[in-house]
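Structure assessment
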Amino acid sequence: MAKRKIVKYPDPVLETPGDPVTEFDEGLRQLVEDMFETMYAASGVGLAAPQVGVSKRLFVMDCSGGRDLAQRYVMINPQIVMTEGEQTGDEGCLSFPGIYIPVTRAMRAIVRAQDLEGREFELDAQELAARCVLHETDHCDGILFIERVSPLKREMVKRRIKKLIKAGEW
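Presented here is an overview of the structure given in this document. This structure is a prediction, so every number in the text was calculated from the model and none was measured.

1. Considering the sheet that holds strand 2 (residues 58-62)
Sheet strands line up and pair through hydrogen bonds in the backbone, either parallel or antiparallel. Pairing in this open sheet of 5 strands is antiparallel, and the strands run 1-2-3-6-7 from one edge to the other. Across the chains shown, the open sheet's two edge strands, defined by having one partner strand only, are strand 1 (46-48) and strand 7 (120-126). Neighbour-to-neighbour, the strand axes of this sheet turn through a mean angle of 40 degrees, independent of strand direction. Sitting on the sheet, helix 1 (residues 26-41) is in contact with strand 1, strand 2 and strand 3 (72-84), with an inclination near 45 degrees to strand 2. Running over the sheet, helix 2 (residues 128-140) touches strand 1, strand 2, strand 3, strand 6 (108-114) and strand 7 and is turned about 160 degrees from strand 2.

Okay, here's the thing in structure tokens:
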């Protein structure tokens, strides 16, 4: 496995919808393993391919932080099938290091995706797992979590990032 560089906002790959995954081969397996290693090293719970500069529709997630292998998921070509309920909580993103803002998302999300062999499956996710599935599927669609907040909050985050870039801290 090899750790990959996490792409930071405002890199254009983050706002570009990913291409569907069509080849389920060794290259895909290596990318997924690299993504898990990168996510764990950054103390994240989810990481989408665009966040490592690969414009593909896939993400990895593990809401246990590596403590429970049953919570380790690979979602290839994810599609949100159903959502219900509502939760609001601080949300962060590995492509926005150190930035956390309250985001309202569904409390429950059912996602349909493919596994590493190309087999379709569904996951019924709730609470943190639902937030993660929705956040990472957004990445696959070129949508950033700052798009899920008010225009005022979004502009505040963008100004803060511009200052950090200008100071050489981003």
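2. Points about the side chain of arginine 57
Residue placement: arginine 57 occurs in the loop between strand 1 and strand 2. For arginine 57, the side chain forms a polar contact with the main-chain oxygen of cysteine 140, separated by 3.3 Å.

3. A few points about helix 2
Given a rise of 1.5 Å per residue, 13 residues ought to cover 18 Å, and the 18 Å separating the end C-alpha atoms of helix 2 matches this to within 8%. Along helix 2, 12 of the 13 residues are buried, which leaves the element largely enclosed by surrounding structure. Those residues of helix 2 not exposed but buried are Ala129, Ala130, Arg131, Cys132, Val133, Leu134, His135, Glu136, Thr137, Asp138, His139 and Cys140. At the C-terminal side of helix 2, glycine 142 shows a positive phi close to 80 degrees.

4. Some details on helix 3 (residues 151-166)
The first and last C-alpha atoms of helix 3 sit 22 Å apart over 16 residues, in line with the 22 Å expected at 1.5 Å per residue. Taken together, the buried positions of helix 3 are Arg154, Val157 and Ile161. Looking straight down helix 3, one finds that the buried residues subtend no more than 65 degrees of arc, so they occupy a single side. The outward face of helix 3, more than 90 degrees from its buried face, is lined by the exposed residues Pro151, Leu152, Lys162, Lys163 and Lys166. Turning to helix 3, the residues buried within the fold contact strand 5 (100-105). Just downstream of helix 3, glycine 168 is the residue with a positive phi angle, here 75 degrees.

About the cut-offs
- Residue numbers restart at each chain and count upward from 1, following the sequence in its written direction.
- The predicted origin of the model limits local features to residues at a pLDDT of at least 70 and limits the giving and counting of side-chain atom pairs to 80 or more, whereas totals for whole chains, interfaces and linings rest on all residues.
- Excluding hydrogens and water, the side-chain values take into account all heavy atoms of the structure.
- Any two strands with at least two DSSP bridges between them are considered paired.
- Only DSSP runs of H or I covering at least 4 residues are called helices, and only runs of E covering at least 2 are called strands; the numbering of each starts at the N terminus.
- An axis is simply a line fitted to the C-alpha atoms; with a helix, the fit covers only the stretch in contact. Between two such axes, the angle follows the N-to-C directions and lies from 0 to 180 degrees.
- Only heavy atoms enter the contact rule, under which two residues are in contact if any of them lie within 4.5 Å.
- N or O atoms within 3.5 Å of each other form a polar contact, as long as, within protein, one can give a hydrogen and the other can take it, and as long as residues adjacent in sequence are counted only when both atoms are side-chain atoms.
- Expected helix span is given by 1.5 Å per residue-to-residue step, counting one fewer step than there are residues.
- For each residue, the accessible area found with a 1.4 Å probe, counting protein chains only, is set against the maximum for its type, and the residue is called buried under 20%, exposed over 50%, and partly exposed in between.
- In this description, the arc belongs to the directions extending from the helix axis to the C-beta atoms.

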